[in-house]
Amino acid sequence: MATWGERGLEFEVLTPWRRCLNGLANPWRNYLLPKALLQWVVRRSKSPLIQETLRKPGGWQSMAIIYANPAPNGLLDGWAVQHSPLAMATRNRRKLITARLEELLRAIPDHEVLTAVGIGAGPGVHLRDALRSCGRRPDQFRVYLIDRDMSACQEIERNAAELSWHDSWRFIHGDARSIRDLLPCVQPHLVKMVGLIEYLSDGELKELLAALRSVMRPGARLLTHGLVDRYGNSPFLERTFGLRHHRRTGPELAGLLTESGFKDIRCWETPMRIFPVCLATRDEVVPQKDRCQAELLQSPGLVDVSRTPRVARGPQHGR
Ligand SMILES: C[S@@+](CC[C@H](N)C(=O)[O-])C[C@H]1O[C@@H](n2cnc3c(N)ncnc32)[C@H](O)[C@@H]1O
């Protein structure tokens with residue numbers, strides 16, 4: 001591991017030897033070997049990560065295995081979990097995003113009830129870890145974790161019970177593009193979107209950004225990332241697992257964010273340079289007055305979702 005950047009964050013880097021192996025394997029797995037053969041090999045693999053990726057490409061459970069980085073179950077599993085550039089960069093991304101979130105959380109005064117939303121959040125590990133390390137009390141935050149996969153709910157509820165965050169940490173089941181309906185009275189200070197936009201076309205991403213912008217308070221921050229196929233693994237992932245990633249460099253993502261009403265964009269890289277992490281600020285244009293506006297103006301930390309029809313579970317806030 002290499003120590004890199006400020007605050008002594010430790011990131012994983014591909015050794016020159018593994019870089020060389022990756023370069024040699026690419027033409028074979030990307031183009032030369034028949035797709036049917038690759039699919040046969042991975043289907044027979046005992047790797048939990050490979051099986052999970054086949055079961056649900058782009059699901060949060062694959063991320064959870066990559067983060068846990070368990071002892072390998074065979075050669076293929078060792079490659080997929082420990083040494084594949086995407087898995088290494090995913091763990092690096094987690095560290096960088098968590099550190100950035102922690103800074104953002106610390107910048108919000110303790111007397112203000114911080115409202116944050118995780119989009120395509122799975123079990124919400126980034127926000128959970130950042131909140132824990134900055135030591136914010138549960139009465140000082142409200143976090144909503146939106147995911148269209150109901151299976152994230154159980155993990156979120158387990159965390160809420162373990163950390164005594166019952167009233168502050170909740171799962172919202174649904175499509176994030178409908179955030180206005182899912183959370184009609186919530187105006188977040190902070191939105192985090194990790195592991196999602198690489199599955200969205202530019203058009204779909206702009207639709208999502210417009211929906212987010214419509215609920216975020218002026219000056220609120222959005223933390224997200226692009227994806228660059230720096231190690232040339234995309235064709236293999238697409239033909240073998242059906243994982244089709246939309247690639248965006250930091251400047252390309254910054255351009256889309258600017259077009260969508262965000263400003264003051266800053267981007268950071270980790271040493272693998274696969275996921276440029278971008279922080280953007282919602283512009284100051286005041287959202288259109290709607291039925292919740294009067295309440296929101298009276299109570300900056302308001303999180304009254306009692307009229308939200310699609311909230312899956314958990315306690316009601318702000319009553
Ligand atoms: C790769 S996982 C990332 C999970 C988590 N953010 C992480 O980084 O560990 C992507 C998640 O986004 C969710 N998702 C995809 N499209 C979505 C949408 N339109 N609305 C809500 N969730 C969505 C999926 O169900 C999945 O759990």
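Look a little higher up for the structure.
Residues numbered from 1 in each chain as written. Predicted model: local features only at pLDDT ≥ 70, side-chain atom pairs only at ≥ 80, totals over all residues.

Digging into the site of the ligand
In the vicinity of the ligand, 18 residues are found, and the nearest of them are M63, G120, G122, D149 and G195. Elements with a contribution of two residues or more to the shell around the ligand: α4 (60-68) and β4 (141-147). Within the shell around the ligand, the residues separate by chemical class into 8 nonpolar, 5 polar and 5 charged. Of the residues that make up the shell around the ligand, three or more belong to each of domain 1 (2-88) and domain 2 (94-282). (Near = placed C-beta within 6 Å. Helix = DSSP H or I, 4+ residues; strand = E, 2+ residues; numbered from the N terminus. Nonpolar A, V, L, I, M, F, W, Y, C, P; charged D, E, K, R; others polar. Domains from an automatic or database assignment.)

What about unusual backbone geometry?
With the exception of glycine, most residues fall at negative phi, and the peptide bonds are largely trans. Although it is not a glycine, N69 adopts a positive phi angle of roughly 45 degrees. With respect to the secondary-structure elements, N69 resides in the loop between α4 and α5 (75-83). Owing to 14 C-beta atoms within 10 Å, N69 belongs among the partly exposed residues under this scheme. Unusually for a residue other than glycine, R273 sits at a positive phi of about 55 degrees. You can see R273 is positioned in the loop between β8 (262-268) and β9 (277-282). (Buried ≥ 20, exposed ≤ 12 C-beta atoms within 10 Å, placed from the backbone.)

Notes on the nonpolar core
Counting residues in each nonpolar core, the largest one holds 69 residues, and the members touching the most others are I119, Y144, L145, I146, V191 and L212. The two domains that each donate at least three residues to this core are domain 1 (2-88) and domain 2 (94-282). The residues contacting I146, other than those within four sequence positions of it, are V117, G118, I119, A121, I172, G174, A176, I179 and L182. (Core = buried A, V, L, I, M, F, W, Y, C linked by C-beta atoms within 7 Å. Contact = placed C-beta atoms within 7 Å.)

A closer look at helix α6 (residues 85-106)
Across its 22 residues, α6 extends 32 Å between first and last C-alpha, which sits within 8% of the 32 Å expected from 1.5 Å per residue. Of all 22 residues in α6, 17 are buried, a share of seventy percent or more. (Expected span 1.5 Å × (residues − 1).)

Let's talk about the pairing of strand β5 (residues 169-173)
Where burial is concerned, most of β5 is hidden: 4 out of the 5 residues are buried. For β4 and β5, the ladder comprises 5 bridges, and the chain directions are parallel. Counterpart to Y144 in the pairing with β5 is R170. (Pairing = 2+ DSSP bridges.)

Brief notes about the sheet that holds strand β3 (residues 114-119)
Spatially, the 7 strands line up as an open sheet ordered β5-β4-β3-β6-β7-β9-β8, and their pairing is mixed. In the strand order of this sheet, the two ends are held by β5 and β8, each with one partner. This sheet shows a mean twist of 20 degrees between the axes of neighbouring strands, independent of strand direction. Two elements, β8 and β9, share 5 bridges in a ladder whose sense is antiparallel. Within the sheet, the bridge partner assigned to W268 lies in β9 and is V277. Contacting β4 and β5, helix α8 (residues 152-162) crosses the sheet at an angle of about 170 degrees to β5. (Axes fitted to C-alpha atoms, helices over the stretch in contact; angles between N-to-C directions.)

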